[in-house]
Each structure stands twice: as C-alpha cells, then as structure tokens.
Amino acid sequence: MITINQEVQVNYHYPVVFTEDVFNPENPALAQVLRGKQRKRSPKVVAVLDENVHRLQPSLINRIKSYALAHQFELARKPLVVGGGEAVKGKQAVLDAIYQLVVDERIDRHSYILAIGGGAVLDAVGYAAATAHRGIRLIRMPTTVLSQNDAGIGVKNGVNHLGRKNFLGCFTPPHAVINDYRLLETLEARDRRAGMAEAVKVALIRDRDFFEELYEQRFALARFEAEPMQRMIFRCAELHLNHIRNSGDPFEMGSARPLDFGHWSAHKLEAMSGYRIRHGEAVAIGLALDSLYSFKRRMINERDFERIWTLLSDLGFELSCPELTEMDVLASLEEFREHLGGFLSITLLTGLGSAVEVNEIDATAMKSCVAAITDRHARKLAQHQ
Ligand SMILES: NC(=O)c1ccc[n+]([C@@H]2O[C@H](COP(=O)([O-])OP(=O)(O)OC[C@H]3O[C@@H](n4cnc5c(N)ncnc54)[C@H](O)[C@@H]3O)[C@@H](O)[C@H]2O)c1
Ligand SMILES: [Zn+2]
C-alpha cells in the first residue's frame, strides 16, 4: 500500500465592515472591498436584492447605480429582485434565475455578486454564488438585525431541499460583509426584535459583561433605540466572528456547536409553524427552555434563570407558542442529533457567560421544562389581560 498524505492549507480573510449610508458616493466602504488589491480592471458587479427591501426602499437601485458611476465599477444590468423570507430558500427557480444572470452577464470568478437582503436571501444567493463556476466572489449586505449580527457574517450558505432545512449548502466565506445600520430602517418590529435573541444567546454562552449590558439596556433595546441597538449588533457579530476564527472548527467538522445553544427546539418550532415563527423568535423560546433545563439540572442558579427570563421577556419576546406543547421532545432531539452528524451535543449553561456541551438530555425532565415554560407564559398573558 502506498499513501500520499495530501495537505492543503487555505487562509481566508474577509472584512466585516460597519457603516452607515453605504451607497452615499462619499462612503468608501464598498469601493474599497471591490477594488481590494487588484487595480488593473474595473470590477464587474451584479446585485441581487430582497424584494421587501426593494419595495420599501425604492430608491436603492438608483443609489447603487450612482455609486457605481462615482466609483467606476461596472454594474451588470439592473439588479435581480428575488422573494424575501424563508420561501426564497425553497425555490429552484430562484437559484436558476441567479445562474442565468451569471451566464447572461458573463459573471466570472473575478466578478462580484452583491447580495442585499435578510438572512434567507443571503443564504440562497450565497449558495448560488458559491456553486456557479465553483465560486463567484460574494459581498453580503445584510438588511435584518439577525443577518447583521449572525446569519450574514459567517461562512455558511444554503437552501432548503426535499423538505429539509439547509439540506443543500456549503461552507464558503464571503469576499466581504458590509453592515449598514440604515438599511434596517424599514424593518418591521418583529424583525428588529428577532435578531436580539442571537445576541442574548452568544452573551449567555460567552460573555457575562455583554449579558449585563443587554440586561441593563433591555427597555431601550425593546424600544429599538439606535445606540444600544448598534452596540448590540456589533458585539454580537464580534463574538460570532471570534468563535468562527478561534473554535478550531470553522467548517463544523465536529459535533459540538456552542452557537447552536437553544437551537435544537428552535429549528423544530420554526419548521412546525411552517416558518410563521421567525428564526430569532424561535431561538428566544429555545433559550428560555434550555436555560430552565440548565437550572433544573442545577447547573445555574434560580436567580440567573430568572434574569434570563426577564431579559427575554422584557425585550418583548413571546416565550411560548402552540407548537411548543405539540413538540415531540425525543423526536426533535433525535433530529438535531442527525443534523449534527451522528453524536448528540447540546449546549447548556454553567453560568451567565459560560457553557458546556452535554451528550445526553433527560427527555422526561425536558418535557417538564416545556410544561413549565408554557405555564409561565400563560400566567403572564393572563396578568396582562
Ligand atoms: N448562514 C448562516 O450562518 C445562518 C445563521 C442563522 C440563520 N440563518 C438563516 O437566516 C434566515 C433568517 O434570516 P432573517 O432573520 O434575516 O429573516 P429573513 O431573511 O427571513 O427576513 C425576514 C423578513 O424581513 C424582510 N426584510 C429583510 N430586510 C428588510 C428590511 N430592511 N426592511 C423590511 N423588510 C426586510 C424579508 O424580506 C423577510 O420578509 C433563516 O433562513 C436562517 O436559516 C443562516
Ligand atoms: Zn440562530
């Protein structure tokens, strides 16, 4: 037997830029990431836009055009507008439209796709960009809180297929991410709030100070005040990026996924609701549930659990939904195990800002946590009536 042990090392670098008013010709952010080091030819860019961003920010297309003129890059025809929200990830026609655009506009591996939209659009466009010509450079411009602080800044892309979420996908880092706070101006309240769940999540598993800040600022955040919102988005994104950079497992080869804290039930609730419940809304419920379980297992104390509940609740999250009582706990854990690739690994809390991976969940204890969460929520609703 002869074996050649092949080893290839690839380093990825990509900037995640925080700015405002990105298409103001005075704003250098986009021009800088487009030019990079290569100054020989003017870059070719094709934009793909979330339909709701397009509808609510109708001047965007003209602003992109003026920006392209001012900075001398070539815009390939007018942007392609695709559906917004989870449905976009289930449509082959959307992928085909992007592939067709790549062919028609002769987009090559040195050109850029500029994806502007929520996490769902970024996931789908990212997948198309990564697979056309085996990879076209992708610039993401996230337009929801959740995509600016989590979904749009990492290395994963994917679409839903055969009834399974993110069944087709790839780990392909973007060329750059540009977070423009102003793009969030047209967001509905629920989409401003949803992304805060990811900030609470990453604070709980990684950073006590950040938890304290969120707790202190919870009413201002619930009112979507700009300054605390911007700080929340930045710190949450930073903690996610730190994890991808330092975990030693950026492409998720192992089973441990600390950033999936609260997500085993969240994924299930989202799917059960036919995606009526947003990802972040489901994550908030999942966080409450797994925090309660951590408390019941004596891993965190009661006061910590109560503060987590208060934070989520004061941010305005509904901490239960009809699907929660209908959820089959065992089957959902089993599905999550499959999703992880074989071994069950669930993140639980050992404190505010610290977490541990466990490989077993006591389904009976978890079911009583589900019942307790539902009860609490019902009592809260009754109080407010
Ligand atoms: N790739 C990853 O690492 C990763 C991580 C977490 C979540 N995700 C995925 O992200 C998706 C959720 O993303 P999301 O929470 O951004 O929701 P979303 O993309 O579904 O957007 C929610 C709604 O807001 C609309 N919208 C977007 N920007 C808007 C704006 N500025 N003004 C008004 N409306 C706007 C969208 O059209 C949609 O209707 C899920 O598919 C989830 O699986 C991906
Ligand atoms: Zn998430």
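Structure's up top.
Residues numbered from 1 in each chain as written. Chains lettered and ligands numbered in written order. Predicted model: local features only at pLDDT ≥ 70, side-chain atom pairs only at ≥ 80, totals over all residues. Heavy atoms only, no water.

## Let's talk about the packing of aromatic side chains
Considering all chains together, one arrives at 8 aromatic pairs under this definition. Ring plane angle 55° and centroid distance 6.1 Å describe the contact between Y67 and F73, whose orientation is recorded as tilted. Assessed through its relative accessible area of 0%, Y67 is described here as buried. A connected cluster of aromatic rings, assembled from ring pairs, spans Y12, F171 and F251. When the ring centre of W309 is taken as reference, the NZ or CZ atom of R376 above it lies at 4.8 Å. (Phe/Tyr/Trp six-rings, centres within 6.5 Å; stacked < 30°, edge-to-face > 60°. Buried < 20%, exposed > 50% of the residue type's maximum accessible area, 1.4 Å probe, protein only. Lys NZ or Arg CZ within 6 Å of the ring centre and 35° of its normal.)

## Considering the coordination of the zinc ion (ligand 2)
Protein coordination at the zinc ion (ligand 2): the donors are E198 (OE), H263 (NE2) and H279 (NE2), at 2.0 to 2.1 Å from the metal. Sequence spacing of the donor residues for the zinc ion (ligand 2), all on one chain, is E-x64-H-x15-H. With a gap of 16 residues between them, H263 in helix 12 (residues 263–272) and H279 in helix 13 (residues 279–296) connect regions that are remote in the sequence. We note that H263, like H279, is buried. (Donors = N, O, S within 2.8 Å, 3.2 Å for Na, K, Ca; no water. Helix = DSSP H or I, 4+ residues; strand = E, 2+ residues; numbered from the N terminus.)

## Some words on the pairing of strand 6 (residues 137–142)
Counting buried residues along strand 6, 5 of its 6 residues qualify, which places the element largely inside the surrounding structure. Bridge analysis of strand 5 (residues 112–117) against strand 6 gives 6 bridges, and the strand direction is parallel. Across the sheet, residue A115 finds its bridge partner in strand 6, namely R140. You can see the chain leave strand 5, run along helix 5 (residues 119–131) and come back into strand 6, and the turn it takes is right-handed. Of the pairings in the sheet, the one linking strand 6 to strand 9 (residues 176–180) comprises 2 bridges and is parallel in character. Considered in strand 9, the bridge of I139 is made with A176. (Pairing = 2+ DSSP bridges. Right-handed = clockwise from strand over helix to strand, strands pointing away.)

## Comments concerning the packing of helix 13 against helix 14 (residues 302–314)
Following both chains from N to C, one finds helix 13 and helix 14 inclined at 170°, their axes separated by 9 Å at the closest point. One way to sum up the angle between helix 13 and helix 14 is to call them roughly antiparallel. Residues A284, L287, A288, S291, L292 and F295 of helix 13 form the contact with helix 14, whose participating residues are E302, F305, I308, W309 and L312. Taken together, the residues of the contact of helix 13 with helix 14 break down into 9 nonpolar, 1 polar and 1 charged. (Axes fitted to C-alpha atoms, helices over the stretch in contact; angles between N-to-C directions. Parallel < 35°, antiparallel > 145°, perpendicular 65-115°, else oblique. Contact = heavy atoms within 4.5 Å. Nonpolar A, V, L, I, M, F, W, Y, C, P; charged D, E, K, R; others polar.)

## A short note on the site of ligand 1
Taken together, 25 residues surround ligand 1, and among them D50, N52, E86, T143 and T144 come closest. Between G119 and ligand 1, the recorded distance is 2.8 Å, taken from a backbone N or O atom to an oxygen atom. In the environment of ligand 1, a nitrogen atom lies 2.7 Å from a nitrogen or oxygen atom belonging to the side chain of T143. Here ligand 1 has 860 Å² of accessible area as a free molecule, and 90% of this is covered by the chains. Secondary structure elements with two or more residues in the shell around ligand 1: helix 2 (51–56), helix 5 and helix 6 (145–151). Among the residues forming the shell around ligand 1, the class breakdown is 7 nonpolar, 9 polar and 9 charged. (Near = heavy atom within 4 Å. Polar contact = N/O pair within 3.5 Å; in protein donor to acceptor, adjacent residues only side chain to side chain. Areas by Shrake-Rupley, 256 points an atom, 1.4 Å probe, with all protein chains shown as cover.)

## Quick look at the pattern of salt bridges
Working definition: two side chains of opposite charge can pair if their charged atoms are close together. Within this structure, the stated rule accounts for 28 salt bridges. Residue D207 is joined to R235 by a salt bridge in which the shortest nitrogen-to-oxygen separation is 2.5 Å. In this pair, D207 sits in the loop between helix 8 (196–206) and helix 9 (208–216) while R235 sits in helix 11 (residues 226–246), placing the two residues 28 residues apart along the sequence. Judged by its relative accessible area of 11%, D207 is buried. Here E238 makes a salt bridge to R235, at a shortest N to O gap of 2.7 Å. Residue E238 and its partner R235 are located together in helix 11, separated by 3 residues, close to a single helical turn. Judged by relative accessible area, E238 falls into the partly exposed class, the value being 29%. Each member of the salt-bridge network shares a partner with another, and the members are E20, D21, R63 and R182. (Salt bridge = Lys/Arg side-chain N within 4 Å of Asp/Glu carboxyl O.)

## Structural notes on the pairing of strand 8 (residues 164–171)
Looking at chain direction, strand 7 (residues 156–161) and strand 8 are connected through 5 bridges and run antiparallel. Each bridged residue has a counterpart across the sheet, and for K156 the counterpart in strand 8 is F171. Connecting the antiparallel pair strand 7 and strand 8 is a turn made up of 2 residues, with L162 showing a positive phi of about 50°.

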